[in-house]
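Chain by chain, the residues:
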Amino acid sequence: MKVSRNLEKLSTGGKYLFLAYDHGFEHGPTDFNERSIDPTFILELALTGGYNAIVLHKGIAEKYWANSVYCKVPLILKLNGKTNLYKGEPYSPQICSVKYAKDLGASAVGYTIYIGSEHECKMTKEFGFIVEEAHAFGLPVVAWMYPRGKAIENDTAPDIIAYASRVGLEVGADMVKIKYSGSQESFSKAVMVAGKTKVILSGGPFVGDEEFLNIVKCVMAAGAAGVAVGRNVWQNENPLHMTQKLKEVIFSP
Ligand code: FBP
């Protein structure tokens, strides 16, 4: 009960717009320009843009978010992460405990599971314990459900995305973050199979205003609870304008 109330508290009328900024770890600084390389620029965007939460790893959360004016923006602390330098079967180890996230002031925690990877079982196991621990503190858990590894031919194929979404429900996620499956119809299925677990879109590489807004319209019409976006906002020439456009789509009744 407490967990779903806390998740609801993060929303605007049940809908979510999160700003993702874990790319420095996941992709390296190559994703950033001179503005977005600075965590303060992103935090300012999250604050003035009125994002429901910001997603950070613990280093940036400690050094730029905690004890600052920016801690008015709720924090989703990403508990695991990996670089893309390592080319083996994907595994994203836990680098931060739930307790540490809670003490830092996080409102929710996040964790990536690469289903289909040879290391899937390590991640589902870690995730299982994380859910128990987080729920004991009343913290909602968001699962980045990313099918990946040599067994996965197409990580955005509709059936694969729906599978990822369903696994999120099965392993206890309160919310799953999934990639776009290519159509409203297929995304509706991914939302449907997730049942009571909320589904949000994972933004993806920068594609420009019109294309991204069309994808967001499509997933919202498919029943998504919202969007966690990174590159399509802070790689945009005018991130605040894009934020406003996204809010119009996501929060419109
Ligand atoms: P974007 O909106 O920029 O795609 O961010 C969403 C996200 O899930 C980030 O949280 C994460 O760093 C990145 O995408 C992972 O991307 P990849 O698919 O390359 O692993």
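Notes on the structure follow. (Residues numbered from 1 in each chain as written. Predicted model: local features only at pLDDT ≥ 70, side-chain atom pairs only at ≥ 80, totals over all residues. Heavy atoms only, no water.)

### Points about the site of the ligand
Near the ligand there are 17 residues, and of these His27, Tyr146, Lys177, Lys179 and Gly204 occur at the shortest range. Residue aspartate 22 places a side-chain N or O atom 2.7 Å away from an oxygen atom belonging to the ligand. At 2.6 Å from an oxygen atom of the ligand is found a main-chain nitrogen or oxygen belonging to glycine 204. Starting from 470 Å² of accessible surface for the ligand in isolation, the protein chains cover 91%. Residue assignment for the shell around the ligand shows that the elements contributing at least two residues are helix H2 (23–26) and strand S8 (226–229). (Near = heavy atom within 4 Å. Polar contact = N/O pair within 3.5 Å; in protein donor to acceptor, adjacent residues only side chain to side chain. Areas by Shrake-Rupley, 256 points an atom, 1.4 Å probe, with all protein chains shown as cover. Helix = DSSP H or I, 4+ residues; strand = E, 2+ residues; numbered from the N terminus.)

### So, the side chain of glutamate 26
Secondary-structure assignment places glutamate 26 in helix H2. The contacts of glutamate 26, once residues within four sequence positions are left out, are His57, Lys78, Asn80, Gly81, Lys82, Thr83, Asn84 and Tyr114. (Contact = heavy atoms within 4.5 Å.)

### Description of the pairing of strand S3 (residues 75–78)
Residues Leu75 and Leu77 line one face of S3 and the alternating positions Ile76 and Lys78 line the opposite face, and both faces are buried. Pairing of strand S2 (residues 53–56) with S3, which is carried by 3 bridges, proceeds in the parallel orientation. Counterpart to leucine 56 in the pairing with S3 is leucine 77. Between S2 and its parallel partner S3, the chain crosses via helix H4 (residues 58–65), and the hand of that crossover is right-handed. As paired strands, S3 and strand S4 (residues 108–113) are joined by 3 bridges and run parallel to one another. Pairing of lysine 78 across the sheet is with glycine 110, part of S4. Between the parallel pair S3 and S4, the chain is carried across by helix H5 (residues 98–104), and the sense of this crossover is right-handed. (Buried < 20%, exposed > 50% of the residue type's maximum accessible area, 1.4 Å probe, protein only. Pairing = 2+ DSSP bridges. Right-handed = clockwise from strand over helix to strand, strands pointing away.)

### Quick notes on the sheet that holds strand S5 (residues 141–145)
In space, the 8 strands of this closed barrel follow the order S1-S2-S3-S4-S5-S6-S7-S8, with parallel pairing throughout. Averaged over all adjacent pairs, the angle separating strand axes in this sheet is 25°, with direction ignored. Helix H7 (residues 158–170) rests against S5, strand S6 (175–178) and strand S7 (198–202) of the sheet, and its axis sits at about 160° to S6. (Axes fitted to C-alpha atoms, helices over the stretch in contact; angles between N-to-C directions.)

### Concerning the pairing of S4
In terms of burial, S4 is a largely internal element, 6 of the 6 residues being buried. Strand direction decides the pairing type here: S4 and S5, joined by 5 bridges, are parallel. Bridge assignment links isoleucine 113 to a residue of S5, and that residue is methionine 145. Once you follow S4 into helix H6 (residues 120–136) and on to S5, the crossover reads as right-handed.

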